[in-house]
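Notes for the structure review
Below, each chain spelled out in residue letters.
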Amino acid sequence: SRTMRELVRDELVVDLLAVDRLNVFGRRAVRGVLMWLTPLAITFLFAIRGQQAVMTVPVLIVSSGCAALIFLSTMREVHRRIRATKRAELDLLNTRIARERAALLDANDAGAAQRLPALMALEARIADVREWPFDMPTLVRLAFYALIPVIPWFGTAIVEQVINRSLN
């Protein structure tokens, strides 16, 4: 996580017109979460069966906390960079829009009348850029990873019910 934060802080170049290229950071963070959800799933299965009750709660808390920390620490750094780049770009565009507006109002500059709508459209597009580096498929993948502890339990319960009914 530290290496990723340093990479994002020192090397990341944010292109606001192609911010979806940064989704790779979201996918990488989700892969890091998977590493911590595996012990969570195993502990959850033991807890359901009533085994290792003493260690269940601490392992569940630590695994969940580490998974959340890994995901959010990576996402937070990229989010900060996107937000800072977006803010700087919007400030620059607002300055240019104010300058072109003043030229249009003061000098009745025809060129300013042509440049102003393009600058305003660019400002709207930059303002609409999302600030978090993940998309819906990444969120769905994260949700499925979070369901890893629950799916085996349901599978076990279903198989157990089928076997019990077939034996009775």
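Above: the structure in question.
Quick summary incoming for the structure in this document. (Residues numbered from 1 in each chain as written. Predicted model: local features only at pLDDT ≥ 70, side-chain atom pairs only at ≥ 80, totals over all residues. Heavy atoms only, no water.)

Concerning the pattern of salt bridges
All chains considered together, the criterion is met by four salt bridges. Here Arg115 and Glu100 are joined by a salt bridge, their closest N and O atoms 3.0 Å apart. On the criterion of sequence distance, the pair formed by Arg115 in helix α4 (residues 110-127) and Glu100 in helix α3 (residues 53-107) is long-range, its members being 15 residues apart. Judged by its relative accessible area of 38%, Arg115 falls in the partly exposed class. Residue classification places Glu100 among the buried positions, given a relative accessible area of 12%. Within the structure, one salt-bridge network assembled from shared partners comprises Arg76, Glu77 and Arg80. (Salt bridge = Lys/Arg side-chain N within 4 Å of Asp/Glu carboxyl O. Helix = DSSP H or I, 4+ residues; strand = E, 2+ residues; numbered from the N terminus. Buried < 20%, exposed > 50% of the residue type's maximum accessible area, 1.4 Å probe, protein only.)

Remarks on the side chain of Lys86
Checked against the element boundaries, Lys86 lands in helix α3. In contact with Lys86, other than residues within four places in its own chain, are Leu16, Ile126, Ala127, Val129 and Glu131. (Contact = heavy atoms within 4.5 Å.)

What to know about the nonpolar core
Judged by nonpolar contacts, the single largest core of 27 residues is most densely connected at Leu12, Leu22, Phe25, Phe71, Val78 and Ile82. Looking at this core, the elements that each hand over two or more residues are α1 (2-11), α2 (23-48), α3 and α4. At eight residues, α3 tops the list of elements feeding residues into this core. With sequence-adjacent residues up to four places away left out, Val78 is seen in contact with Val8, Leu12, Leu22, Phe25 and Pro133. (Core = buried A, V, L, I, M, F, W, Y, C linked by side-chain atoms within 4.5 Å.)

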